[in-house]
Amino acid sequence: MVLALTVCGLVVVLVAVALFVFHLRRRLIQRSGGTFDCSLRWDAPEKSDTSGKGWGYGIARYNGDRIEWFRIFSYAPRPRRVLERSAIEVAGRRTPDGEEELALLADQIILACVHRGTRLELAMSEDALTGFLAWLEAAPPGQRVNVA
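Residues numbered from 1 in each chain as written. Predicted model: local features only at pLDDT ≥ 70, side-chain atom pairs only at ≥ 80, totals over all residues. Heavy atoms only, no water.

### Details of the pairing of strand β8 (residues 118-125)
Under the convention used in this document: The cut-offs for exposure are 20% and 50% of the maximum accessible area for each residue type, with area from a 1.4 Å probe on protein chains only; residues under the lower value are buried, those over the upper are exposed, and the others partly exposed. What counts as a helix is a DSSP run of H or I of at least four residues, what counts as a strand is a run of E of at least two, and both are numbered from the N terminus. A pair of strands counts as paired when DSSP detects no fewer than two bridges linking them.
Burial of β8 is extensive: 7 of the 8 residues sit out of reach of the surface. Here 4 bridges tie strand β2 (residues 39-42) to β8, and the two strands are oriented antiparallel to one another. Among the inter-strand pairings, Ser 39 is bridged to a residue of β8, identified as Ala 123. Pairing geometry for strand β7 (residues 108-115) and β8, over 8 bridges, is antiparallel. What sits directly across from Ile 110, in β8, is Ala 123. With antiparallel pairing between neighbouring strands as the criterion, β7 and β8 make up a hairpin whose turn holds 2 residues, including Arg 116 at a positive phi of roughly 50°.

### Focus on helix α3 (residues 126-137)
Owing to its 3.6 residues per turn, the α-helix aligns residues three or four sequence positions apart on the same side. To keep things clear, this is the line we draw: Helix span, as expected, comes to 1.5 Å for every residue beyond the first. Comment: arc refers to directions from the helix axis out to C-beta atoms.
In this model, α3 (12 residues) spans 17 Å end to end at C-alpha, consistent with the 16 Å of a helix rising 1.5 Å per residue. Those residues of α3 that sit buried are Ala 128, Leu 129, Phe 132, Leu 133, Trp 135 and Leu 136. Axial view of α3: buried residues confined to an arc of 155°, hence all on one face. Looking at α3, the residues exposed on the side facing more than 90 degrees away from the buried face are Asp 127 and Glu 137.

### Looking at the packing of aromatic side chains
Threshold: Two aromatic rings, drawn from Phe, Tyr or Trp (for Trp, its six-membered ring), form a pair once their centres lie within 6.5 Å of each other, and the interplanar angle then sorts them: stacked below 30 degrees, edge-to-face above 60, tilted otherwise. In this analysis the charged atom, NZ for Lys or CZ for Arg, is taken to sit over a ring once it is within 6 Å of the ring centre and within 35 degrees of the ring normal.
Within the structure shown, the criterion is met by 5 aromatic pairs. Among the aromatic residues, those joined into a ring-pair cluster are Phe 36, Tyr 62, Phe 132 and Trp 135. Sitting above the plane of the Trp 42 ring, Arg 81 keeps its charged end 4.1 Å from the centroid.

### Regarding the sheet that holds strand β4 (residues 66-71)
To be explicit about the condition: Where helices are involved, their axes are fitted lines through C-alpha atoms of the stretch in contact, as for all axes, and angles between N-to-C directions lie from 0 to 180°. It only takes one pair of heavy atoms within 4.5 Å for two residues to be counted as in contact.
Sheet architecture is open: 4 strands sit in the order β1-β3-β4-β5, paired in antiparallel fashion. With partners counted over all chains shown, the strands left at the sheet margins are β1 (35-37) and β5 (81-84), one partner each. Averaged over neighbouring strand pairs, the angle between their axes works out to 20° when direction is ignored. Two strands pair when backbone bridges link them, and β1 and strand β3 (residues 58-63) are joined in this way by 3 bridges, in the antiparallel orientation. Bridged to Asp 37 within β3 is Ile 59. Sheet strands touched by helix α1 (residues 2-30): β1, β3 and β4. Its angle to β3, the strand with the most contacts, is close to 25°. Here α3 sits on the sheet and contacts β1, β3 and β4; the angle it forms with β3, its principal contact strand, is near 35°.

Have a look at this one:
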C-alpha cells in the first residue's frame, strides 16, 4: 500500500514538473515580445490538402529579419524552424476547410508560402496575419519581397 502511494505521488510530481517546464519554456520564448500563435505545415502539398495532416502547433517569434518557430510540445530551447524574411514568398491565403478546421485553432487563416524552394503553410489569426504581412513588406530597401 505504501509503495503504491509512493509511486502515485511520484507520478503526480513528475507530471506537475513536466507541465511547469512547458509553461516556463513558453514564458521564456515570449519574454522578448513579438510572438504569436502559429501552426506550421512544412513540405505542404501543391494542391490544398484539407485532411488536417502535417500541422504542428507552435509559437512564432520575430527576431530581426527572421521568424523563429517553436513547437509547443517540446522542451527544446531553440527554434525548430527559422524563416528569413528575404527568402519568404507568399503564394496565397485561404481559410481552413474540411478536417483542417478541427486540426487548427479557431478563426485561423492559412497562408501558403515558399521558403528557399520548400512549400509551407502557416496558420495564424487575422491580427497575426496582418502583422506578419506588414513585417514582410517592411523589408529594408534593396531586399525583394514577394507578397501575393
